[in-house]
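Here are the chains, one letter per residue:
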Amino acid sequence: MTTMRQSTLETLGLGTVHGIFQKGKLPVTTSELVDQVFGPANNRGAMVISGANGIVGAGKMMQLGSRLHPYGVTMVGLDFPSAPDGIGRQYAGLKAAFGQGGAESIMSNVVRLNYDGKALPSRLADFRPRFLLEAIPEILEIKRAHYQVFRSTFKDIEIRSVTSGFPSSELGVGIAHPAFPHEINKLWEVVEPKPSPSTQLLWSLGLLPVPVSDNWSFVLDVLFCGLTLSALRWHRASNMPYWKIDKYVRRSFGPNPFRAHDAIGAKGANFLTWSCLHHLSGKYGPLFAPTPELEYLKESGQNWYPLDHFRPLVNWSMTAGDEEQFQSWVLGPILQMTSLLLKEKRGHLSHINAIGEICAQFRSGVLAMIRRMGAEAAIKRVEAYHRLHPEAAKGCWYPDEFRKISEPAWQQLYVNAEHDGKVGVITIGREAYNSDVDAELNRAIDWLKAAKIDRVIVTGDFHFSSQMVGADTAEFYPALDDVKCGTDVSAGWSATARRLHRDFAVSVAYINGKRCLGGMLELMMHCRYLVAHKDATLGMPEVTLPVIPGMEGCHWPLRKVAAEQRPRLLRMLLTGESVKASDASGWLVDYAGSMDDAIKAVWEIASGTSKIKERTVADGAFDVPMEVQLPAASNGSEAGRSAIAECIKKSCAVPLGEAITIQARLSGQFMAGKHCREGRIGADAAKTLAV
């Protein structure tokens with residue numbers, strides 16, 4: 001097997017994506033892994049979560065309990081009798097997700113036990129504990145004593161800590177550090193000698209385990225706590241209030257570090273951030289040293305946004321010179337910290353980048369940000385920071401790591417390609433399409449074409465892309481004020497999508513996640529064949545934003561169906577309604593089936609043994625009657641509906657070669673118009689960019 005770079009799936013011990021299609025099935029099943037971790041069905045053991053009423057413990061009780069319930073795994077929550085009822089507070093969210101009956105069924109499998117922190121309750125043995133997820137306070141001696149109590153009673157129990165900062169070598173157990181919000185964020189940083197069945201079980205349950213190396217604070221908290229510290233150093237240099245710093249950090253990078261601490265719970269979050277930075281500074285030096293403000297709020301537990309702050313009275317904007325210093329104070333240390341992550345090989349580069357986006361809420365992953373800046377510009381930014389804060393230059397600065405930027409691991413952070421000499425596979429590991437994905441997809445196509453691969457499968461990476469939600473609308477912010485920006489994005493992305501049809505004799509897209517929407521669906525529809533898991537939700541929600549579908553959604557799918565099927569596509573485009581893949585076979589998708597059946601169908605098409613016929617794309621102009629029954633427009637979508645209808649008519653009324661230009665022009669014009677600016681994209685842009 002030849003690959004552009006290592007697949008992230010391989011880091012979990014699950015082989016390659018190409019191997020999944022070639023074998024016709026997923027590498028493991030949940031049932032098999034549950035048996036390995038918790039024992040066979042006739043002797044199933046329990047999962048114990050200690051500190052179960054805390055924010056982390058209660059959130060993971062719901063996330064794991066709902067997924068393990070069908071397999072008969074009892075969830076045992078262990079905590080002090082005086083602890084607030086954190087588990088009970090999760091019920092409302094569980095009910096909203098699963099309905100009252102489903103929530104009650106899941107909760108009936110949850111057992112709550114109290115203990116004194118020294119001896120385990122005698123009843124615990126009745127549940128045959130097989131796995132302990134420890135979520136008690138971040139005090140090393142208490143954690144070690146906790147593990148000893150469990151091991152002395154249950155000698156073979158498997159233990160993982162949710163610690164934010166302590167390495168496995170200090171704790172003596174493996175790490176499974178979950179990202180916040182704990183009820184919904186699926187990513188777990190995992191530290192273990194090699195991929196274990198318990199980690200593979202997380203993957204099979206639809207979660208995102210990410211192997212990281214055994215270093216202090218792993219990857220997430222170096223980035224998130226590091227960003228908080230950088231923002232605090234700017235506060236000390238400028239006296240800018242925390243809420244105002246958050247606005248500038250959000251505009252430049254995406255997160256709101258101070259607001260995030262308050263949302264998590266300032267008392268606990270302040271301590272965790274201080275703890276991570278305190279231990280990091282002990283190991284790596286002044287770059288990570290906590291500021292006095294953090295020391296104070298760690299003790300007081302005070303919010304960063306007090307209720308009586310004077311936000312309306314002190315609103316102002318920085319000068320260009322101030323903004324340059326802000327970038328050095330805030331971005332400089334983040335880049336330096338990233339050089340440490342790279343030097344210590346703390347994770348697969350795609351993992352490091354994804355953790356910054358999915359967990360720390362960077363708009364663009366830190367490695368993608370550095371790649372866009374260029375190595376020398378990133379190095380100069382850190383050097384500018386060192387002139388402002390000379391102490392930070394004393395240790396853990398590795399500029400040569402950035403000079404490896406041309407290597408495949410750097411160049412393909414989101415998109416990978418594999419081939420066996422005959423069939424290639426392109427995998428997309430980001431849920432939202434953006435300019436980085438677009439550039440990487442073009443490089444992947446070029447790489448396969450250079451290897452003379454003429455048959456290709458395009459799919460999610462079976463790891464990070466558990467769904468494909470469409471275009472990253474942050475890419476459209478410049479287009480709100482510049483027609484050319486919007487036109488260029490639409491034309492450029494459409495040209496990339498067309499390559500999936502033009503550059504391969506056979507191209508088959510497989511939608512394996514729970515949904516594929518908007519721009520991602522437009523991309524996948526450009527493949528000669530489209531296969532989907534039968535339960536996947538497909539849709540074109542652009543009308544609700546509103547924005548015109550910019551990757552040829554207004555004409556490409558209409559060119560692939562018989563005239564009598566076009567009203568179905570029109571309804572989807574003009575209402576934003578979604579459809580199940582199982583109901584879209586024959587007009588939107590070519591085949592929909594169970595996971596194994598769909599995987600086999602994809603391989604049969606790609607290898608040339610399928611009986612499914614290719615639907616051709618009409619090259620010529622044609623008329624599209626717009627007489628289709630539609631519900632009344634709502635939520636201000638009338639303008640979007642009218643614009644999309646106009647785009648459908650005009651882009652279908654010309655040959656295929658001209659349609660790409662017409663659609664791009666109309667898309668760019670609408671994005672720069674008042675309706676888009678007054679819609680969701682405009683509101684998000686104002687919230688993000690206005691300071």
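This is a predicted model, so every value here is computed, not measured. (Residues numbered from 1 in each chain as written. Predicted model: local features only at pLDDT ≥ 70, side-chain atom pairs only at ≥ 80, totals over all residues. Heavy atoms only, no water.)

Some details on empty space enclosed by the protein
Under the criterion given, the structure shown has three cavities of 30 Å³ or more. Of the volumes computed, that of the largest cavity is approximately 150 Å³. M47, L64, F131, S198 and L202 are the residues nearest the centre of the largest cavity, which is lined by 16 residues in total. For the lining of the largest cavity, the secondary structure elements donating two or more residues are α2 (30-38), α3 (55-68), β5 (129-134), β8 (187-191) and α7 (197-204). Sort the elements by how many residues they give to the lining of the largest cavity and α7 lands first, with four residues. Residues belonging to the lining of the largest cavity are distributed by class as follows: 13 nonpolar, two polar and one charged. Here the second largest cavity is characterised by a volume of approximately 50 Å³. Along its surface, the second largest cavity is lined by M525, L530, P557, K560, V561, W587, L588 and R615. Tallied by class, residues from the lining of the second largest cavity come to six nonpolar, no polar and two charged. (1 Å grid on protein atoms, 1.4 Å probe; cavity = no way out; pocket = protein on both sides within 12 Å on 5 of 7 lines; lining within 4 Å. Points joined across faces, edges and corners; volume = space filled by probe spheres on them. Helix = DSSP H or I, 4+ residues; strand = E, 2+ residues; numbered from the N terminus. Nonpolar A, V, L, I, M, F, W, Y, C, P; charged D, E, K, R; others polar.)

Some thoughts on the nonpolar core
Ranked by size, the top nonpolar core spans 175 residues in total, and within it F288, F402, I426, L538, L588 and I648 carry the most contacts. Ignoring sequence-local partners within four residues, the contact set of L588 consists of M525, L530, L538, L569, M572, V579 and R615. (Core = buried A, V, L, I, M, F, W, Y, C linked by side-chain atoms within 4.5 Å. Buried < 20%, exposed > 50% of the residue type's maximum accessible area, 1.4 Å probe, protein only. Contact = heavy atoms within 4.5 Å.)

With respect to the packing of helix α9 (residues 242-252) against helix α13 (residues 320-343)
Following both chains from N to C, one finds α9 and α13 inclined at 80°, their axes separated by 12 Å at the closest point. The angle between α9 and α13 falls in the class roughly perpendicular. Of the residues in α13, those touching α9 at Y248, V249, R251 and S252 are E323, F326, Q327 and V330. (Axes fitted to C-alpha atoms, helices over the stretch in contact; angles between N-to-C directions. Parallel < 35°, antiparallel > 145°, perpendicular 65-115°, else oblique.)

Examining the layout of surface pockets
Taken as a whole, the second largest pocket holds about 1200 Å³ of empty space. Lining the second largest pocket are 40 residues; nearest its centre among them are R67, K186, L205, G206 and L207. Of all the secondary structure elements, the ones that give two or more residues to the lining of the second largest pocket are α2, α3, α4 (91-107), α7 and α23 (595-607). Per-element accounting of the lining of the second largest pocket gives the leading share, five residues, to α3. Taken together, the residues that form the lining of the second largest pocket break down as 16 nonpolar, 16 polar and eight charged. Of the residues that make up the lining of the second largest pocket, three or more belong to each of domain 1 (45-211) and domain 3 (414-689). (Domains from an automatic or database assignment.)

Here we look at the pairing of strand β13 (residues 455-460)
Counted residue by residue, β13 has five buried out of six residues, so it is predominantly covered. Both strand β11 (residues 423-428) and β13 contribute to a ladder of six bridges, which runs parallel. Each bridged residue has a counterpart across the sheet, and for V423 the counterpart in β13 is R455. (Pairing = 2+ DSSP bridges.)

Topic: the packing of helix α11 (residues 266-284) against helix α12 (residues 292-300)
Packing of α11 against α12 brings their axes to within 8 Å, and their N-to-C directions diverge by 135°. In terms of orientation, α11 and α12 fall into the oblique class. Crossing of α11 over α12 shows left-handed handedness. Listed contacts from α12 to N270, F271, T273, W274 and L277 of α11 are L294, E295, L297 and K298. (Left-handed = near helix turned anticlockwise from the far one by under 90°.)

Observations regarding the sheet that holds strand β19 (residues 578-580)
The mixed open sheet is built from three strands, whose spatial order is β16-β18-β19. Of all the strands in the sheet, the pair left with one neighbour each is β16 (515-517) and β19. With strand direction ignored, the average angle separating the axes of adjacent strands in the sheet is 20°. Bridge count for β16 against strand β18 (residues 537-539) is three bridges, and the pairing is parallel. Paired with L517 across the strands is G539, a residue of β18. Seen against the sheet, helix α20 (residues 518-525) touches β16 and β18 and runs at an angle of roughly 90° to β16.

As for the domain arrangement of the protein
The domain architecture assigned to the protein consists of domain 1 (45-211), domain 2 (219-408) and domain 3 (414-689). Of the roughly 1200 Å² buried where domain 1 meets domain 2, counting both sides, 70% is carbon and sulfur surface. At the surface where domain 1 touches domain 2, the tally comes to zero salt bridges. Of all elements in the fold, only β8 and β9 (208-211) reach the threshold of two or more residues within the side of domain 1 that touches domain 2. The greatest single-element share of the side of domain 1 that touches domain 2, amounting to three residues, is contributed by β9. Taken together, the residues that form the side of domain 1 that touches domain 2 break down as eight nonpolar, four polar and two charged. (Buried area = accessible area lost by both parts, 1.4 Å probe. Salt bridge = Lys/Arg side-chain N within 4 Å of Asp/Glu carboxyl O.)

Focus: helix α25 (residues 656-671)
For α25, with 16 residues, the first-to-last C-alpha span of 23 Å sits near the 22 Å given by 1.5 Å per residue. All of the buried residues along α25 are L656, A659, I660, I662, Q663, A664, L666, S667, G668, F670 and M671. Each element contacted by the buried residues of α25 is listed here: α19 (483-502), α20, α21 (556-559), α24 (638-652) and α26 (674-677). (Expected span 1.5 Å × (residues − 1).)

A closer look at the environment of A263
Looking at the secondary structure, you find A263 in helix α10 (residues 257-264). Sequence separation between A263 and S230 is 33 residues; the distance between their C-alpha atoms is 19 Å.

Comments concerning the sheet that holds strand β20 (residues 591-593)
Spatially, the seven strands line up as an open sheet ordered β1-β10-β11-β13-β15-β17-β20, and their pairing is mixed. If you trace the sheet from one side to the other, it starts and ends with β1 (2-3) and β20, each paired once. Each of β1, β10 (415-419), β11 and β13 is contacted by helix α18 (residues 435-450), which is oriented at about 15° to β10, the strand it contacts most.

With respect to unusual backbone geometry
Of note, the amide linkage connecting F180 to P181 takes the cis form, showing an omega dihedral of -5°. Secondary-structure assignment places P181 in the loop between β7 (174-178) and β8. P546 follows L545 through a cis peptide bond whose omega is -10°. With respect to the secondary-structure elements, P546 resides in the loop between β18 and α21. Located in the positive-phi region is C396, a residue other than glycine, with phi close to 45°.

Examining the pattern of salt bridges
According to the stated counting rule, one finds 31 salt bridges in the structure shown. Across the salt bridge formed by R372 and D436, the nearest N and O atoms sit 2.4 Å from each other. With R372 in helix α15 (residues 366-373) and D436 in helix α18, this residue pair connects regions lying 64 residues apart in the sequence. When its relative accessible area of 8% is taken as the criterion, D436 is described as buried. Notably, a salt bridge pairs E401 with K404, separated by 3.3 Å at the nearest N-O pair. Residue E401 is classed as buried on the basis of its relative accessible area of 10%.

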